[in-house]
Structure formats: structure tokens, C-alpha cells
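Fold and geometry: a report
Now for the letters of each chain:
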Amino acid sequence: LTYGAQTADPRRNEEYWKQWNEFEIAHGNEETFREMLRIKRSVEASFSTVNYNAAEMSQTSSKGDTLSNEEAMRMIAEREGVELEP
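Each value, and the rule that gives it
- Residues numbered from 1 in each chain as written.
- Predicted model: local features only at pLDDT ≥ 70, side-chain atom pairs only at ≥ 80, totals over all residues.
- Heavy atoms only, no water.
- Core = buried A, V, L, I, M, F, W, Y, C linked by side-chain atoms within 4.5 Å.
- Buried < 20%, exposed > 50% of the residue type's maximum accessible area, 1.4 Å probe, protein only.
- Helix = DSSP H or I, 4+ residues; strand = E, 2+ residues; numbered from the N terminus.
- Contact = heavy atoms within 4.5 Å.
- Salt bridge = Lys/Arg side-chain N within 4 Å of Asp/Glu carboxyl O.
- Expected span 1.5 Å × (residues − 1).
- Arc of directions from axis to C-beta.

Our focus in this paragraph is the nonpolar core. Of all hydrophobic cores here, the largest spans eight residues; its members are Ala5, Ala8, Trp17, Trp20, Met36, Ile39, Val43 and Phe47. Looking at which element gives the most residues to this core, the answer is helix H3 (residues 30–63), with four residues. Beyond its immediate chain neighbours, meaning those up to four positions away, Ala8 contacts Asn13, Tyr16, Trp17, Val43 and Phe47.

Structure below.
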């Protein structure tokens, strides 16, 4: 399960993580359960960075335009729900 977890985004592959959780409850111990949670957090963090960057790159490359720093910051702020200071 640990090897497969590296390719299973917890936000998109909820069934995979649910099955692993149930397996650990039925057959594991506290240490293996904590290891599963640690791996889940690690994979989730890596996917959030990778997917965010990949989405940004695919959107800009398909348009053929290059964003200025200001445009990029504005786009990120809009997605994150943050207001930029003028």
C-alpha cells in the first residue's frame, strides 16, 4: 500500500485511502496507523504542489501567452481568496 500511495492523491482517490484506513484498523497497530497518516499527509502535500504548478503551466502554455509577475500574483490571489495590496 505504501508504494501505491505515492500515486494516489488523497483528494481524488478517496476510496484508496479509505481502504487503507480500514485495513490498518483491522490488521495494523498504532505505529502502522500513524505511518499511514504520515504518508497520506506527505502525499497530499506533494500533490498539492505538483498539481498546482502543472495546472498553471498547462493553462499558460495552451494559450501561448506569458504572464507577467503581476498577472500571476493576481491569478494566485483570486484562486486562494486573498486580496492583494495595491
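Counting across every chain of the model gives three salt bridges. The salt bridge involving Arg11 is made with Asp9; its shortest N-O contact spans 3.3 Å. For Asp9, a relative accessible area of 4% puts it in the buried group. Taking the shortest distance from any N to any O, the salt bridge between Arg34 and Glu30 comes out at 2.6 Å. With Arg34 and Glu30 both in helix H3 and four residues apart, the pair spans about one turn of that helix. Considered together, Arg34 and Glu30 belong to a single accessibility category, that of exposed residues.

Over its 12 residues, helix H4 (residues 69–80) runs 16 Å from end to end, which matches the ideal 16 Å to within 8%, given 1.5 Å per residue. After H4 finishes, the residue Gly81 shows a positive phi value of roughly 75°.

A word on the environment of Thr2. Its place among the elements puts Thr2 in helix H1 (residues 2–5). You can call Thr2 partly exposed: its relative accessible area is 41%. A C-alpha to C-alpha distance of 9.4 Å links Thr2 and Lys40, two positions 38 residues apart in sequence. Leave out the neighbours within four places in its chain, and Thr2 touches Trp20 and Ile39.

What follows is about helix H2 (residues 14–27). With 14 residues, H2 extends 20 Å between its outermost C-alpha atoms, agreeing within 8% with the 20 Å of an ideal straight helix rising 1.5 Å per residue. Within H2, burial applies to Trp17, Trp20 and Glu24. Along the long axis of H2, the arc covered by the buried residues comes to 60°, so they all point the same way. Looking at H2, the residues exposed on the side facing more than 90 degrees away from the buried face are Glu14, Ile25 and Ala26.

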